Amino acid sequence: MKNTLIIYESKYGSTEKIVKSMAPIIGHSRYCKVDEFKEEYKEFQYVIIGSPVYKEQINKKIIEFIKNNLDWLKEKKVVIFCTCLSKECGSKYLNQLKTLLGNNLVYDEVLYGNLILDRLSKEDYNSIKKFYEKIKKPIEDVEKLNLETIIGFALDIKKIKDKDIVKAPKELIKEQAEKFIKTHNTCTLATGFNKRVRSTPIEYNYKDGHLYFITEGGEKFAHLLQNNNISISIYDQFTAMNNLGGMQILGEATIVEYKSRQYYDVLHLKKVTKEKIDKLPVMLNILKVKINKIEFTYSKFKSMGYDIKQTLDF
């Protein structure tokens, strides 16, 4: 996974909130202000630069940083953003940075900020007050910073990064993924609906792109009856960073009809006889999960010449 450096300046906190919210979503990242920048940060592969728009311009420290570091910045993939109460104005102010950075700029965005009056300096408050008097509107707080928008922005950057990996051939990923699944037998099955979530350690069987679970029941069924989208984790015990093995599976679950032909076929897969099941005092339920996507982190991919994290769509 390629590392990401986020360089920013913030006047009244909106830009800083964006940076601190998106850094863990993007992953493999570090953030710093211009004055905190260190020479070793030039080794990061991706660089995100964020600035507020203040007094109708991008922060001067950000502009000077870009001008003074163009040589190495032009060897990176760069994302820029600014916070501004007007997207149209923000786009205009970003043009200066876009001109400086040129073709290595992979993404730019204007994100709304906030204007909280009691946080302003006296000088800024008086300036804003005069502006509102001029346009004949009451002066009031403006809160446009939206967490959902911040998350969407971070996920967009993550998608850009994910496309930039050294991808293994699909058949190789599938071969290694199925081998990993078959050499394990226990996973964590996560379900949820609205504010209810559940994570269940459970044994499984695998066949032809499907996982099968036998269970007495429980709260997970309350979720599955309303939301059949599930997430499954299968993983090795951690020993070292150069020996990682784990996957997250996204899929759709269905409840196999009790005592149907498929029900007994799954029992046969688990080497459980019909007679044994019929003698039990309670019924057992079977879940069938169709695998849609696997995100596989596996150190062995690196020795094959590929990125350690691979994605497989079924």
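Predicted model, so just to flag it, every value in this text is computed and none were measured.

The rules behind the values
- Residues numbered from 1 in each chain as written.
- Predicted model: local features only at pLDDT ≥ 70, side-chain atom pairs only at ≥ 80, totals over all residues.
- Heavy atoms only, no water.
- Pairing = 2+ DSSP bridges.
- Helix = DSSP H or I, 4+ residues; strand = E, 2+ residues; numbered from the N terminus.
- Axes fitted to C-alpha atoms, helices over the stretch in contact; angles between N-to-C directions.
- Contact = heavy atoms within 4.5 Å.
- Buried < 20%, exposed > 50% of the residue type's maximum accessible area, 1.4 Å probe, protein only.
- Right-handed = clockwise from strand over helix to strand, strands pointing away.
- Phe/Tyr/Trp six-rings, centres within 6.5 Å; stacked < 30°, edge-to-face > 60°.
- Lys NZ or Arg CZ within 6 Å of the ring centre and 35° of its normal.
- Parallel < 35°, antiparallel > 145°, perpendicular 65-115°, else oblique.
- Nonpolar A, V, L, I, M, F, W, Y, C, P; charged D, E, K, R; others polar.
- Salt bridge = Lys/Arg side-chain N within 4 Å of Asp/Glu carboxyl O.
- Expected span 1.5 Å × (residues − 1).
- Arc of directions from axis to C-beta.
- Polar contact = N/O pair within 3.5 Å; in protein donor to acceptor, adjacent residues only side chain to side chain.

(A) Geometry of the sheet that holds strand β5 (residues 105–111). Read across the open sheet, the five strands follow the order β2-β1-β3-β4-β5; overall the sheet is parallel. The sheet terminates laterally at β2 (29–33) and β5, the two strands that pair on one side only. Pairs of neighbouring strands in the sheet enclose a mean axial angle of 15°, with direction left out of account. The sheet strands contacting helix α1 (residues 14–26) are β1 (4–8), β2, β3 (46–52), β4 (77–83) and β5, and the helix crosses β1 at an angle near 175°. Sheet strands in contact with helix α4 (residues 87–101) are β4 and β5, and its direction is about 155° off that of β5.

(B) Quick peek at the pairing of strand β8 (residues 186–193). Strand direction decides the pairing type here: β8 and strand β9 (residues 196–203), joined by eight bridges, are antiparallel. By the bridge assignment for β9, Cys 187 is matched with Ile 202. Connecting the antiparallel pair β8 and β9 is a turn made up of two residues, with Asn 194 showing a positive phi of about 50°.

(C) Quick look at the environment of Asp 118. As for its position among the elements, Asp 118 is in the loop between β6 (114–115) and α5 (122–134). Linking Asp 118 and Asp 141, residues 23 residues apart in sequence, is a C-alpha distance of 8.8 Å.

(D) Broad picture of the environment of Lys 271. When you line up the elements, Lys 271 lands in the loop between α9 (261–269) and α10 (274–278). Taking the relative accessible area as the measure of exposure, Lys 271 reaches 79% and is therefore exposed. Note: C-alpha distance between Lys 271 and Lys 61 (210 residues apart in sequence) is 68 Å.

(E) Broad picture of the pairing of β2. Here β1 runs beside β2; their pairing, made up of five bridges, is parallel. For Leu 5, the partnering residue across the bridge sits in β2 and is Arg 30. Tracing the backbone out of β1, into α1 and back to the parallel element β2 gives a crossover that is right-handed.

(F) Structural view of the packing of aromatic side chains. As enumerated under the stated definition, the model contains 15 aromatic pairs in all. An aromatic cluster of three or more residues is present, and its members are Phe 37, Tyr 41, Phe 44, Phe 65 and Trp 72. Between the NZ or CZ atom of Lys 11 and the centre of the ring of Tyr 12, over which it lies, the distance is 5.7 Å.

(G) Spatial organisation of the packing of helix α2 (residues 60–68) against α4. Across the interface, α2 lies against α4 with an axial gap of 10 Å and an inter-helix angle of 10°. By the angle between their directions, the pair α2 and α4 is classed as roughly parallel. Residues Ile 62, Ile 63, Ile 66 and Lys 67 of α2 pack against Gln 96, Leu 97, Leu 100 and Leu 101 of α4. When its residues are assigned to classes, the contact of α2 with α4 shows six nonpolar, one polar and one charged.

(H) Broad picture of the pattern of salt bridges. Inspection of the entire model under this criterion finds 13 salt bridges. Here Lys 87 makes a salt bridge to Glu 109, at a shortest N to O gap of 3.9 Å. You can see Lys 87 sitting in helix α4 and its partner Glu 109 sitting in strand β5, a full 22 residues away along the chain. Classification of Glu 109 as partly exposed rests on a relative accessible area of 23%. In this structure, Glu 295 engages Lys 309 in a salt bridge whose closest nitrogen and oxygen atoms are separated by 4.0 Å. Of this pair, Glu 295 sits in strand β14 (residues 285–298) while Lys 309 sits in strand β15 (residues 309–313), and the two are 14 residues apart along the sequence. Classification of Glu 295 by relative accessible area gives partly exposed; the value is 21%. With relative accessibility at 24%, the residue Lys 309 sits in the partly exposed group. Bridged by salt links that share partners, the residues Lys 2, Lys 77 and Asp 164 form one connected network.

(I) Main features of helix α6 (residues 147–162). Between its first and last C-alpha, α6 extends 22 Å over 16 residues, near the 22 Å set by a 1.5 Å rise per residue. All of the buried residues in α6 are Ile 150, Phe 153, Ala 154, Ile 157 and Lys 161. Take α6 and look down its axis: the buried residues cluster within an arc of 95°, on one side only. Exposed positions of α6 whose direction lies more than 90 degrees from the buried face are Glu 148 and Lys 159. For α6, the secondary structure elements touched by its buried residues are β1, α1, β3, β4 and β5. Where α6 begins, one side-chain oxygen reaches toward the backbone nitrogen of Glu 148, 2.8 Å away; that side chain belongs to Asn 146.

Remember that the coordinates give geometry; whether it matters functionally is a separate question.
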